[in-house]
Structure formats: C-alpha cells, structure tokens
Amino acid sequence: MKVAIVEGDGIGKEVIPEAVAVFDYFNETYGWNFEKVPVEVGFGRWERTGVTMTDSDISLLKTCDAVLFGAVTTSSHPSYKSVLLRIRKELDFYANIRPIRPIKGIYKLLQIKDRKEEDVDIVIVRENTEGLYSGIEEIGDVRSTTLRVITKSASRRIAKHACGLAGGRKNKLTAVHKSNALKSDILFLESCRKVAEEEGVVFSDKLVDIFAYDLVMSPSKYDVVVTTNLFGDILSDLGAALLGSIGLAPSANIGDNRAFFEPVHGSAPDIAGRGIANPIAAILSLQMMFEWMGKKREAALISEAVEKAVEDGIVTPDLGGGYTTKEVGDYILSRIRLSDAASFCLEESL
Ligand code: NAD
C-alpha cells in the first residue's frame, strides 16, 4: 500500500505529523510496510513557485492507495487554482463522508447541557464532483455566473454509496435538497428516491433550510443524509458545531479504488505556528482511513485513545485545555500503545 502524506499549509503542518506518528506506530509494530509518499501542495508552494500543484503531483497521487491530507490556504488571486477541487475531480473522489458523532465525554468536558451526545449520530454524504462546484464560471465586472450541474449518473452514484452506509446502520436515508426553488434538484431528489427504492432503504427527503434548523434543534431525527456539493459543504461544518470544535471533525473522500482523508478544518492562519491546534480531527481522519482499509481493530484503538484524552482533559485550548498539539498527540499515542499492549497480552493469556 502507498499512502500519500500531504501536510499542506498552516496548521496542516502541525496536526498531520501527530496523525503520522500514530500511522508509523502501527506500520512499524505490525510490519505492514506501507510506503509513505510525501507530496507538497498548496499556498506555500504557490508563493514560492507560482503553482499550487503540478500534473506530476496528480500522477504521483494516482499511484497511491490513500491520501492523508492536512489543509491548504486558499487565495482569491485570479491565478490561484484550488488544490482540493482539482484533486477531488481528477482522482474522482466522488463521495465526501462526514460523520457527526460527538466523542464520548466531550459534552461533559465542555459543559454542554442542552443536548445529549447519544442524540447526535449522523453521517453526511456529500456529492463531491459537480453541483455548484462544477468550475463552469463566467466572471465579469457587472455579472458573474456559476453553473450548477446535476447529473443523473453522479446523483445515482452518490445515492448508492449513501444507501450502502445506511445498510450498515439504521437503513434510513434522507436526501437534502432545494427542489422547490432549484429545479436542477428535482433530478437529484428523484434519482436518490429511485436508488433507495432499488436498494430497499427507507427514504425521506427534506428541504435544506428546514434541515439546517433541524440539525441544530433535533439532530436525533436523522441518520444517513445525502446531499449536493455546496449544501454538504455548509451543513457538515454546521454539523461539526455539534461535536464541540471544528478541531474534532474528520472526513473521508471516497473513490472507487482509492480514498482521501482530511480534517474538516482549514489551515487556521490565526493560530498557525503556535503549536496549539487540535490534532484530534487529523488523528480521527487516520482512524477513518484504517476503517476504509478494513483495519477495524486499529481504528477502534484510535477511537478509544481519543476518548481517553477527552476524559482525562488532555486537550488543546479550543476545548478549554492548556495542552499543545504535540502533547495531545503524544498522549493519544501513549494510550494506543498501552491498550494495544494490553489487548495483545490478553490474547496471549487466553
Ligand atoms: P479554518 O477552519 O482554518 O479556521 C476557522 C476557525 O477554527 C479559526 O478560528 C481556527 O483557529 C479554528 N480552528 C480550525 N481548526 C482548528 C484546530 N484543529 N484546532 C483549533 N482551532 C481550529 O477556516 P477559515 O479560517 O475559514 O479558513 C482558513 C484558510 O483555510 C482559508 O484560506 C480557507 O480557504 C482554508 N480552508 C481550507 C480547507 C481545506 O484545506 N480542507 C478547509 C476550510 C478552509
């Protein structure tokens, strides 16, 4: 297996090394021999060389099975090309998966009393290749347009992926759309409805505006949610607010043969370089990579160690703690080592 490591800009350079330390632990302890492939992309590179990434970077990423990605800074400069949109399109990472499930004990730590952790357990499945991020734009001084593209094939493909996830959960799927105002969403909605019917998944739909309200007021109504690109982008950040910090939200971008894992947050220039960024979203993105690879035991060890860090209050300032990125990363790794050794001894003694 080849895993590309893309730190990117800002806090990407601080949180990804903590996830890589966990990756290295398993890779070395269990002799997996996964190859790490460092790839530099983003704003820092653009400032230095005038390009965010090259065709050969894309070719290199295509040789990898998985990508662990930090975050990139974007620029509004007309010559700046979005790294993420290009990677998602060219590597056809069509399904963006964002779990909205609070870490056990986080509401207690943050003294959140107006909702219960067990009421929040949603997966947002966002179509990642078209919609308002089609890239078809005409920019003018008096009129600018962006074309919203919805196709039957991409809508069916994302609905099928969402149904697969629903099948492993409560077998319920909700399509979120705005078909009353955006007629292009009728195709999305009806494609999702048809696929759910074919797959035997219980289907419902919701207009995006009331869904945003529900997500905050009554998240327990939902399980797996499928939606279009821009709605998914916004709703999943809103969902991250239910987790307690954007620094806790991981995500996956899945394609047919490879996948890309990244924290939901950006490069956070306001805190970059201070060593206080929360590394948990990056570490949980690695956990999602292990799940995708079928390494369930290792993924579970990561989740337990993260819960322990929260329980013990070993957290960064965004969660009210006084620990650095590295201290939190080191603590999580130390808990993984402990639990791994303990479960190994238990297996030996059985
Ligand atoms: P951001 O997510 O970088 O930061 C928003 C706020 O959350 C900031 O106050 C930041 O300090 C805080 N924050 C984010 N991650 C944190 C963490 N791990 N620990 C603690 N606090 C954290 O969003 P932004 O400020 O809107 O964007 C900054 C730059 O990142 C922009 O250039 C934007 O385009 C880019 N961006 C990139 C990605 C990506 O690479 N996937 C995603 C979003 C934004």
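Residues numbered from 1 in each chain as written. Predicted model: local features only at pLDDT ≥ 70, side-chain atom pairs only at ≥ 80, totals over all residues. Heavy atoms only, no water.

Tracing the sequence through the fold places Pro279 in the loop between strand S12 (259-263) and helix H10 (280-292). Residues in contact with Pro279, not counting those within four places in the same chain, are Val15, Glu18, Thr316, Thr325, Val328 and Gly329. (Helix = DSSP H or I, 4+ residues; strand = E, 2+ residues; numbered from the N terminus. Contact = heavy atoms within 4.5 Å.)

Further remarks concern empty space enclosed by the protein. Taken as a whole and assessed by the stated rule, the structure comprises one cavity of 30 Å³ or more. There is about 40 Å³ of room inside the largest cavity. Every residue along the wall of the largest cavity is listed here: Leu85, Arg88, Lys89, Asn128, Thr129, Glu130, Tyr133 and Asn229. No other element matches helix H4 (residues 83-90), which puts three residues into the lining of the largest cavity. Each residue belonging to the lining of the largest cavity can be placed in one class, and the counts come to two nonpolar, three polar and three charged. (1 Å grid on protein atoms, 1.4 Å probe; cavity = no way out; pocket = protein on both sides within 12 Å on 5 of 7 lines; lining within 4 Å. Points joined across faces, edges and corners; volume = space filled by probe spheres on them. Nonpolar A, V, L, I, M, F, W, Y, C, P; charged D, E, K, R; others polar.)

Once that is clear, we can look at the state of the cysteines. Throughout the structure, instances matching the rule amount to zero disulfides. Summary of cysteine pairing: Cys163 is not part of a disulfide, and the nearest cysteine sulfur, belonging to Cys192, is at 8.0 Å. Taking the relative accessible area as the measure of exposure, Cys163 reaches 4% and is therefore buried. (Disulfide = S-S within 2.5 Å. Buried < 20%, exposed > 50% of the residue type's maximum accessible area, 1.4 Å probe, protein only.)

This part takes up the site of the ligand. Of all residues adjacent to the ligand, which total 20 residues, the nearest are Thr74, Gly266, Ala268, Asp270 and Asn278. The backbone of Val72 places a nitrogen or oxygen atom 2.9 Å from an oxygen atom of the ligand. Protein burial of the ligand: of its 800 Å² of free accessible surface, 67% is covered by the chains. Class assignment for the residues of the shell around the ligand results in 10 nonpolar, seven polar and three charged. (Near = heavy atom within 4 Å. Polar contact = N/O pair within 3.5 Å; in protein donor to acceptor, adjacent residues only side chain to side chain. Areas by Shrake-Rupley, 256 points an atom, 1.4 Å probe, with all protein chains shown as cover.)

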